[in-house]
Amino acid sequence: MADERRSSTRSAAGAALLPGAAGPALLPGAAAPGRALSRRAALAGLAAIGLAACERTAPARATGARVVSLSPSTTEAVCAIGAGATLVGRSRYCDHPPEVLGLPSVGGYADPSIEAIIALSPTLVVGARGPAGPALDESLRAHGIATCFPDTESLAQIEDMLTELGRRLDAAPGAEQAIGRIRARRRAVEQAVAARGAPRVRAALLYDTSPLFVAGPGSFPDELIRLAGGENVITRGGPYPSISVEQLLVLDPDVLLDGTSSDGDMRGASRLAELRDAPGWRSLRAVREGRLRPLNTEVVLRPGPRIGDGLASVARALHGDALALSGDAAVPPSPGGAGLAAPLPKTEAP
């Protein structure tokens, strides 16, 4: 979830959070409003809480469907399959496509407001489970609202999420096209890496620096590194472990993939870049030899329909822009132009 892992990418994978007010009432145990959840808290929550599969109720039909999305990746997915017009609410971190910014916010990753969600009369709530745990799912189902909180820790699971949303929102053709775009991008990357014929690049992907959180085994960024012709030097500790600088020095990766920008994309200041001359950090070979590679974390760390572009970003970061990666791979057109079935409604809470 880059955002879910970092925000949320952020979550997550993983996995930066933007400030913003929560809704009128929080779930029991949710974080207090007015303060964004830190990247490391989001990652710690992901390590502790398993994401549930979609709750198996009757699918929400496109006719009359009202969808509230609680994570950036699921918001993008709903739009990418051509069902954007069903969205009536979002989390405060949902920012793509830009049209969704006009939708009401129901809180954040750690502090969703059950009252704000219910006020929008949704037929389906989708997203990542987050630190609120099962309480959100149980509360929504007690109000007769269908839910879908899919696992997205691999490309296969991301594709499954798109398929499930397509089934629930009568948008199966759009889901197939979105999956086709991911697969076409993956083929282009794998072919370019194979044509390069070079040894795998030893790499570490960093989410945060204080403490140091990294992408570990079982996370979808770990899969991206492997598919992009890299070798993740982090081989233990779970999907999003915290390690010391000393441990990183022992591993001494060839490349440091920098996912630490402050606002989740290339516009943000890199926390890692600020540490280049700090003790320990300056001894890392990747830092000394100028192989600190910033990532567009919005696409790399957000487990949604743009993950194929995220894979391409990782491949270029590992191998350089000289990688013969075609940006014109045969990709089916996105349904509804920008991915929306129709212009998003200016929805007001009933």
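Here, the structure is the one placed above.
## Looking at the pattern of salt bridges
Applying the stated rule across the entire model yields 14 salt bridges. As a salt-bridge pair, Arg306 and Glu76 come within 2.6 Å of each other at their nearest N and O atoms. Residue Arg306 is found in the loop between α11 (297-300) and α12 (307-319), and its partner Glu76 is found in helix α3 (residues 72-80); the two are separated by 230 residues along the sequence. Accessibility assignment for this pair places Arg306 and Glu76 in one class, buried. A salt bridge links Arg92 to Asp111; the shortest N-O distance between them is 3.3 Å. You can see Arg92 sitting in the loop between β3 (87-90) and α4 (114-119) and its partner Asp111 sitting in the loop between β3 and α4, a full 19 residues away along the chain. By the burial criterion, Arg92 is buried, and Asp111 matches it. Among the charged side chains, a network of salt bridges with common partners joins Glu76, Asp95, Glu298, Arg302 and Arg306.

## A few points about α12
For α12, spanning 13 residues, the distance from its first C-alpha to its last is 18 Å, which sits close to the expected 18 Å at 1.5 Å a residue. Burial runs high along α12: ten of the 13 residues are buried. Looking at α12, one finds that the buried residues are Ile307, Gly308, Gly310, Leu311, Ala312, Val314, Ala315, Ala317, Leu318 and His319. Positive backbone phi, at 90°, marks Gly320, one or two positions downstream of α12.

## Quick look at the state of the cysteines
Enumeration according to the criterion identifies zero disulfides in this entry. Its sulfur unpaired, Cys79 is 9.2 Å from the next cysteine sulfur, which belongs to Cys94. Taking relative accessible area as the criterion, Cys79 reaches 1% and is therefore assigned buried. We classify Cys94 as buried; its relative accessible area is 0%.

Parameters and conventions
- Residues numbered from 1 in each chain as written.
- Predicted model: local features only at pLDDT ≥ 70, side-chain atom pairs only at ≥ 80, totals over all residues.
- Heavy atoms only, no water.
- Salt bridge = Lys/Arg side-chain N within 4 Å of Asp/Glu carboxyl O.
- Helix = DSSP H or I, 4+ residues; strand = E, 2+ residues; numbered from the N terminus.
- Buried < 20%, exposed > 50% of the residue type's maximum accessible area, 1.4 Å probe, protein only.
- Expected span 1.5 Å × (residues − 1).
- Disulfide = S-S within 2.5 Å.

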